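Reading the structure
The primary structure of each chain is shown beneath.
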Amino acid sequence: MSIEDIQKELIDEFSMFEDWEERYQYMIDLGKDLPLIADQYKTDSNIIKGCQSKVWVHAEMKNDKLVFTADSDAIITKGIIAILIRVFSNQHPKDIINAETEFIDKIGLKEHLSPTRANGLVSMVKQLKLYAIAYQTQLK
């Protein structure tokens, strides 16, 4: 599935819920299915800077596609990173770099987060794209 298709799928899924309490619960459920980072990668160098909670992300290339694993010490944040990993994992670095992220606004995520969590969301997207840039340079 392309990044755009996954984003559309998420927009559809979030539109099924009546209110934000249900959406938060869905995010928590998504966090429970997060591809968990191996303990060996839960290091300071893999912590996303700018997040209120601890969020670890690891990336590796498999068949010219970037595969992300992650974890967080907070359930909402774990749900947020799970959404981002669902969109960006198993994609070519170039596609991640060029991907738009309006789906975040379309599902209303940023506006329903506290300012510190919204900043953390921006930091997560930025870090995933930085991984993509780093791995893209290795492919050339």
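You'll find the structure just up there.
Described below are features of the structure shown in this document. Note that the structure is a prediction, hence the values are computed from the model and not measured.

1. Focus on empty space enclosed by the protein
Over the atoms, a rolled probe matching the size of one water molecule traces out where space is still vacant. Applying the stated criterion across every chain yields a total of one cavity of 30 Å³ or more. Estimates place the volume of the largest cavity at around 50 Å³. Every residue lining the largest cavity is listed: Cys51, Gln52, Ser53, Thr77, Ile80, Thr116, Arg117, Gly120 and Met124. Among the elements of the structure, α3 (75-88) and α6 (115-139) are those that each provide at least two residues to the lining of the largest cavity. Broken down by element, the lining of the largest cavity gets its largest block of residues, four residues, from α6. For the lining of the largest cavity, the per-class residue count stands at three nonpolar, five polar and one charged.

2. Describing a negative patch on the surface
Among the surface-exposed residues, Glu4, Asp5, Glu100, Glu102, Asp105 and Glu111 lie close enough to one another that they form a single negatively charged patch. Contributing elements (two or more residues each) for the negative patch: α1 (3-15) and α5 (102-106). On the secondary structure map, Glu100 appears in the loop between α4 (93-98) and α5.

3. Regarding the layout of surface pockets
For the largest pocket, the calculated volume is near 240 Å³. Ile3, Glu4, Gln7, Ala99 and Glu100 are, among the 14 residues lining the largest pocket, the residues nearest its centre. Listing elements by their share of the lining of the largest pocket, those giving two or more residues are α1, α4 and α5. Among the elements that make up the lining of the largest pocket, the one with the highest residue count is α1 (five residues).

4. With respect to the pairing of strand β1 (residues 55-62)
With eight bridges connecting them, β1 and strand β2 (residues 65-72) associate as antiparallel partners. What sits directly across from Val55, in β2, is Ser72.

5. Some remarks on the packing of aromatic side chains
The geometry of two aromatic rings is summed up by the distance between their centres and the angle between their planes. Applying the stated rule across the entire model yields five aromatic pairs. Both rings, one in Phe14 and one in Trp20, keep their centres 6.4 Å apart while their planes meet at 40°; by these two values the pair is tilted. Using a relative accessible area of 11% as the deciding quantity, one classes Trp20 as buried. Look at Phe17 and Tyr26: their rings are 5.1 Å apart centre to centre, the planes differ by 40°, and that puts the pair in the tilted class. Through a chain of ring-to-ring contacts, three or more aromatic side chains come together here, namely Phe14, Phe17, Trp20, Tyr24 and Tyr26.

What counts and what doesn't
- Residues numbered from 1 in each chain as written.
- Predicted model: local features only at pLDDT ≥ 70, side-chain atom pairs only at ≥ 80, totals over all residues.
- Heavy atoms only, no water.
- 1 Å grid on protein atoms, 1.4 Å probe; cavity = no way out; pocket = protein on both sides within 12 Å on 5 of 7 lines; lining within 4 Å.
- Points joined across faces, edges and corners; volume = space filled by probe spheres on them.
- Helix = DSSP H or I, 4+ residues; strand = E, 2+ residues; numbered from the N terminus.
- Nonpolar A, V, L, I, M, F, W, Y, C, P; charged D, E, K, R; others polar.
- Patch = residues over 30% accessible without salt bridge, like charges linked within 9 Å, V, L, I, M, F, W, Y side chains within 5 Å.
- Areas by Shrake-Rupley, 256 points an atom, 1.4 Å probe, with all protein chains shown as cover.
- Salt bridge = Lys/Arg side-chain N within 4 Å of Asp/Glu carboxyl O.
- Lys, Arg positive; Asp, Glu negative; His and termini not counted.
- Charge placed at Lys NZ, Arg CZ, Asp CG, Glu CD.
- Pairing = 2+ DSSP bridges.
- Phe/Tyr/Trp six-rings, centres within 6.5 Å; stacked < 30°, edge-to-face > 60°.
- Buried < 20%, exposed > 50% of the residue type's maximum accessible area, 1.4 Å probe, protein only.

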